[in-house]
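Spelled out, the chains give:
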Amino acid sequence: MNLKFTNVDGGVCASKNFLASGIHCGIRKNRVKNDLAMIYSKTECSAAAVYTRNLVKGAPLTVTKNNLQLSNGHAQAVICNSGNANTCNANGIEIANQMCELVAKNLNIKSENVIVASTGVIGQPLNIQPIAAGIPELVKKLAHDQKSSDEACEGIMTTDTRKKEVAIEFELDGKICRMGAISKGSGMIHPNMATMLVFVTTDVAIKSEFLHSALSSTVIDTFNMMSIDGDTSTNDMLSILANGSAGNSEINSEGENFEIFKAALNHVCSELCRKMAADGEGATKLLECKVIGAREKSVARIVAKSVICSNLFKAAMFGADANWGRVLCAIGYSGADVDVAKIDVEFASDAGKIPVCKNGAGIDFSEELAKEILLRPEINININLNDGEFDATAWGCDLTYDYVKINGDYRT
């Protein structure tokens, strides 16, 4: 299938009839940064979401899951605050429900058609007053442009140092379709899923059950293949709204259009994975591990994820040390069924590429060239298991002194 995805501006506002806004309402002490965001579709959408597997879950996840059940997989708006996770609070469910009710009242929609999310410090009470006071302003500021997506994106950020947005254009049934997204995630990232919030919007017409199927399968090869620090958060959520404004024939069965839609969603999510991994707390380098030649897809995934998760390897990448033995070590304890004697390893970046391991053993290479390659901001770890036809990619970042500094006083 020859698929073409064109990057476009607009973020979550790239798709037809989607609006967004972001403001500072007073949850954060820092008045320079937004702390409340809204996304709104002019028409009701098919909706789906996936959530953290942490047993401790933020109240907003419980409320969102319940809302999507009540609405039979439909939604029309998203409300999200940053600065407070609304997790492990006695009245957390009540606060999350109040946020939905306030949005519903101000937008004249049903409260069960609202997706609610929160991110920030765990275990601190969340005051509804600044949110209640801010929602009318959020609604007033709703607009369909890049600036509005930017402001919403800022409203969901915590320790992120940069906005993470992407939008693409593609065709279905001869109709121009769009898909856009914003996300946050910098630390506590170790899916299933990452410590992150992701909001995707699309004007594709697709039934809720197929939207959920596409989302669930996409997560396996994107966000669940990313790790920053090995911690799985309490508030991770990925949601998607599809309002059908593009005018394509509704996707209600498997087939070519469903495959194109999944490919588009995978493309958007993969781009966000790269952006989040590159902005890992204290990170100086994006690490992308590509495994090929696996006998099974699961083997490729396990190997790639194990290498990305290795703190020893991440530290070596911070120091631009071509310590390929740490790659083999991570593969060895991954639990994957591989033949070590067949493994080849190569490091690459825009400065070049250098093989460092052949058939599971070291080979001569230039340490000077290796250092030059590993000093670049994006590093590729290419692994060939030489044992089959399956592949997988995982994303992460280096482990730096600043990671400890950032998390040493995150709460205070």
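Owing to the predicted nature of the structure, the values given are computational and were not obtained by experimental measurement. (Residues numbered from 1 in each chain as written. Predicted model: local features only at pLDDT ≥ 70, side-chain atom pairs only at ≥ 80, totals over all residues. Heavy atoms only, no water.)

### A few points about the overall build of the chain
Thought 1: If you tally the helices and strands in the chain, you get eleven helices and 15 strands.
Thought 2: The C-alpha atoms of the chain give 22 Å as radius of gyration, which agrees with the globular expectation for 412 residues (22 Å, within 12%).
Thought 3: Projected onto its principal axes, the C-alpha positions of the chain cover 70 × 55 × 35 Å.
Thought 4: Of all intrachain contacts in the chain linking residues separated by at least 6 positions in sequence, the fraction that spans at least 24 positions is 80%.
Thought 5: If you sum the accessible surface of the chain, you get close to 16600 Å²; carbon and sulfur atoms cover 47% of it. (Helix = DSSP H or I, 4+ residues; strand = E, 2+ residues; numbered from the N terminus. Rg over C-alpha atoms; globule rule 2.2 N^0.38 Å. Contact = heavy atoms within 4.5 Å. Areas by Shrake-Rupley, 256 points an atom, 1.4 Å probe, with all protein chains shown as cover.)

### Some thoughts on the pattern of salt bridges
Thought 1: Counted under the stated rule, the structure contains 15 salt bridges.
Thought 2: A salt bridge links Lys 164 to Asp 279, with the nearest nitrogen and oxygen atoms 2.6 Å apart. Remark: Asp 279 occurs in the loop between α6 (256–278) and β10 (286–294) and Lys 164 occurs in strand β6 (residues 164–172); sequence separation between them is 115 residues.
Thought 3: For Asp 279, a relative accessible area of 3% puts it in the buried group.
Thought 4: In this structure, the salt-bridge partner of Glu 378 is Arg 274, at a minimum N-O distance of 2.9 Å. Of the two residues, Glu 378 sits in strand β14 (residues 378–384) while Arg 274 sits in helix α6, which places them 104 residues apart along the sequence.
Thought 5: Overall, the relative accessible area of 42% leaves Glu 378 in the partly exposed class.
Thought 6: You can call Arg 274 partly exposed: its relative accessible area is 23%.
Thought 7: Salt bridges sharing partners connect three or more residues here, namely Asp 160, Arg 162, Lys 164 and Asp 279. (Salt bridge = Lys/Arg side-chain N within 4 Å of Asp/Glu carboxyl O. Buried < 20%, exposed > 50% of the residue type's maximum accessible area, 1.4 Å probe, protein only.)

### Things to note about helix α10 (residues 367–374)
Thought 1: Inspection of α10 places Ala 370, Ile 373 and Leu 374 among the buried residues, and these make up the whole buried set. For α10, the buried positions fall inside an angular range of 90° around the axis, keeping them on one side.
Thought 2: In this structure, the buried side of α10 is in contact with α8 (311–318), β11 (344–349), β12 (352–358) and β14. (Arc of directions from axis to C-beta.)

### Brief notes about the sheet that holds β10
Thought 1: As summarised here, the arrangement of the six strands in space is β13-β12-β11-β14-β10-β15, forming an open sheet in which the pairing is mixed. Both outer strands of the open sheet, β13 (361–362) and β15 (390–397), are each paired with one neighbouring strand and no more.
Thought 2: One ladder, built from two bridges, connects β12 with β13; its direction is antiparallel. Looking at the pairing, Lys 358 lines up with Ala 361 of β13.
Thought 3: Lying on the sheet, α6 is in contact with β10, β14 and β15; it crosses β15 at an angle near 35°. (Pairing = 2+ DSSP bridges. Axes fitted to C-alpha atoms, helices over the stretch in contact; angles between N-to-C directions.)

### Structural notes on empty space enclosed by the protein
Thought 1: In this structure the tally under the stated criterion is one cavity of 30 Å³ or more.
Thought 2: Taken as a whole, the largest cavity holds about 30 Å³ of empty space.
Thought 3: Ala 37, Met 38, Ile 39, Val 78, Cys 80, Ile 156, Ile 182 and Phe 199 together form the lining of the largest cavity.
Thought 4: Elements with a minimum of two residues in the lining of the largest cavity: β3 (36–51) and β4 (74–84).
Thought 5: In terms of residue count, the dominant contributor to the lining of the largest cavity is β3 (three residues).
Thought 6: Classifying every residue of the lining of the largest cavity gives eight nonpolar, no polar and no charged. (1 Å grid on protein atoms, 1.4 Å probe; cavity = no way out; pocket = protein on both sides within 12 Å on 5 of 7 lines; lining within 4 Å. Points joined across faces, edges and corners; volume = space filled by probe spheres on them. Nonpolar A, V, L, I, M, F, W, Y, C, P; charged D, E, K, R; others polar.)

### A short note on unusual backbone geometry
Most peptide bonds take the trans form, and the phi angle of most residues other than glycine is negative.
Thought 1: Even without being a glycine, Asp 173 presents a positive backbone phi close to 55°.
Thought 2: Examined against the element boundaries, Asp 173 turns out to sit in the loop between β6 and β7 (175–184).
Thought 3: Note on Asp 173: relative accessible area 41%, which makes it partly exposed.
Thought 4: The backbone phi angle of Asn 359 is positive, close to 55°, even though this residue is not glycine.
Thought 5: Tracing the chain through its elements places Asn 359 in the loop between β12 and β13.

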